[in-house]
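Spelled out from the first residue to the last, the chains are:
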Amino acid sequence: MLATLVAVVSSNGDVLYANAALEDALGMSRRSITGTPLQACFNDPALLESALSGARGNEFAALRYDAFLKRTNHEPLPVHVVVAQTETPGEVIVELLPLEQQTRQEREERLLDQAQANKELIRNLAHEIKNPLGGIRGAAQLLQMDLESKELIEYTQVIIHEADRLQSLVDRLLAPHRRPHVVGDVNIHEVCERVRSLILAEFPKGLRVLRDYDASIPEFRGDREQLIQAVLNIAHNAAHALSASIASGEGEITFKTRVGRQVTFGKQRYKLALELHVIDNGPGVPDSIKDRIFFPLVSGRDGGSGLGLTLAQTFVQQHHGLIECESVPGKTDFKILIPLP
């Protein structure tokens, strides 16, 4: 009666028992499944074969990994596989937990399409603004040279000042598309430590920045400065969202790193991927902007430029990665995913 897909297999993978949920998922009867190798039901049989080999050698009590289950007349089903030994020698339980992969994949595709559309919009808009902006500023300077009234000169200075401010905004919009991609070896924990020191320097009281690092994560090729900027933008947003908690001394940001195995994102599957979580205990992302936080010029706070997360997503995507967000009151988790070698 379990909703979870369960099979009991022999040490070499032949199915001894399959529950009703597994029958339904595979589109096969229990009779036709029994006696066949369970490995044949997966897109990548070698993963289960390796797990069963480990079980035969008593290398683990339970092993977990993600895989795709073949289905009759359906797309492969993404599942989280748990392989565990039983008390009976020569028998292994294989538990399959369907993932919410379809929903996640659709969300990722929307993020990628949205980021590409944002990039084109930003570049075109910024270039369209730059030309008339230069003309406005130049005309105001020429006009100022011919004016003697201090009051009128103040008006031209306002025009020049506001034109410069708009020029600065345009430069920030174009920055990620202009700057060359400087590739080198990146240690993600050095990136986190740099961001941590910058955040604590700006918010020295009332904020704790915690570390939860996986020291086994290898170095990878990437642009260190871009990644620092991406993580800093996310952490900076988190710190501002925690303003009330910081005032009461309860603000908390956590940098958490893990290695994801057999991870799918950006329409591709990777054997290994970096998972960097920036987690805060703030009020959460407002529902009104939750689906638009990576849009340019969308901000959840007064005075925010709305560019921080847009630029962070751009920088991470230049590393073939993706930023995802899950937020509820009391916990907001921005997860950066980047493929590892």
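In what follows, the structure referred to is the one given above.
Asks: Go over the packing of helix H7 (residues 224-241) against helix H9 (residues 308-317) with me, naming the residues and quoting the values.
Replies: Running from N to C, H7 and H9 point in directions that differ by 150°, and their axes come no closer than 9 Å. Between H7 and H9 the crossing geometry is left-handed. Contact residues: H7 offers Gln226, Gln229, Ala230, Asn233, Ile234 and Asn237, while H9 offers Gly308, Leu309, Leu311, Ala312, Phe315 and Val316. Across the contact of H7 with H9, the residue classes break down as seven nonpolar, five polar and no charged.

Asks: Go over the packing of helix H6 (residues 188-202) against H7 with me, naming the residues and quoting the values.
Replies: The contact between H6 and H7 brings their axes to 9 Å, and the two run at 40°. With respect to their mutual orientation, H6 and H7 come out oblique. Two packed elements cross with a definite hand, and for H6 against H7 that hand is right-handed. The segment H6 lies against H7, with Glu190, Val191, Arg194, Val195, Leu198, Ile199 and Glu202 engaging Arg224, Glu225, Leu227, Ile228, Val231, Leu232, Ala235, His236 and His240. In terms of residue class, the contact of H6 with H7 is made up of nine nonpolar, two polar and five charged.

Asks: So, the environment of Ala62: which residues are in play, and what are the values?
Replies: Looking at where Ala62 falls in the secondary structure, it is placed in strand S3 (residues 62-71). In this structure the C-alpha to C-alpha distance between Ala62 and Ala84, which are 22 residues apart in sequence, comes to 4.3 Å. In contact with Ala62, other than residues within four places in its own chain, are Val83 and Ala84.

Asks: Go over the pairing of S3 with me, naming the residues and quoting the values.
Replies: Of the strand pairs in this sheet, S3 and strand S4 (residues 74-85) are connected by nine bridges, and their pairing is antiparallel. Bridging across to S4, Ala62 finds its partner in Ala84. The turn linking S3 back onto S4 is made up of two residues, and Asn73 within it adopts a positive phi angle of 60°.

Asks: Explain the sheet that holds strand S1 (residues 5-10) to me, and be specific about the residues and the numbers.
Replies: Spatially, the five strands line up as an open sheet ordered S2-S1-S5-S4-S3, and their pairing is antiparallel. Both outer strands of the open sheet, strand S2 (15-18) and S3, are each paired with one neighbouring strand and no more. Direction aside, the axes of adjacent strands within the sheet are offset by 30° on average. Sheet topology note: the S4/strand S5 (residues 91-98) ladder contains seven bridges and is antiparallel. Bridging across to S5, Val83 finds its partner in Val94. Each of S1, S3, S4 and S5 is contacted by helix H3 (residues 45-56), which is oriented at about 145° to S3, the strand it contacts most.

The rules behind the values
Residues numbered from 1 in each chain as written. Predicted model: local features only at pLDDT ≥ 70, side-chain atom pairs only at ≥ 80, totals over all residues. Heavy atoms only, no water. Axes fitted to C-alpha atoms, helices over the stretch in contact; angles between N-to-C directions. Helix = DSSP H or I, 4+ residues; strand = E, 2+ residues; numbered from the N terminus. Left-handed = near helix turned anticlockwise from the far one by under 90°. Contact = heavy atoms within 4.5 Å. Nonpolar A, V, L, I, M, F, W, Y, C, P; charged D, E, K, R; others polar. Parallel < 35°, antiparallel > 145°, perpendicular 65-115°, else oblique. Pairing = 2+ DSSP bridges.

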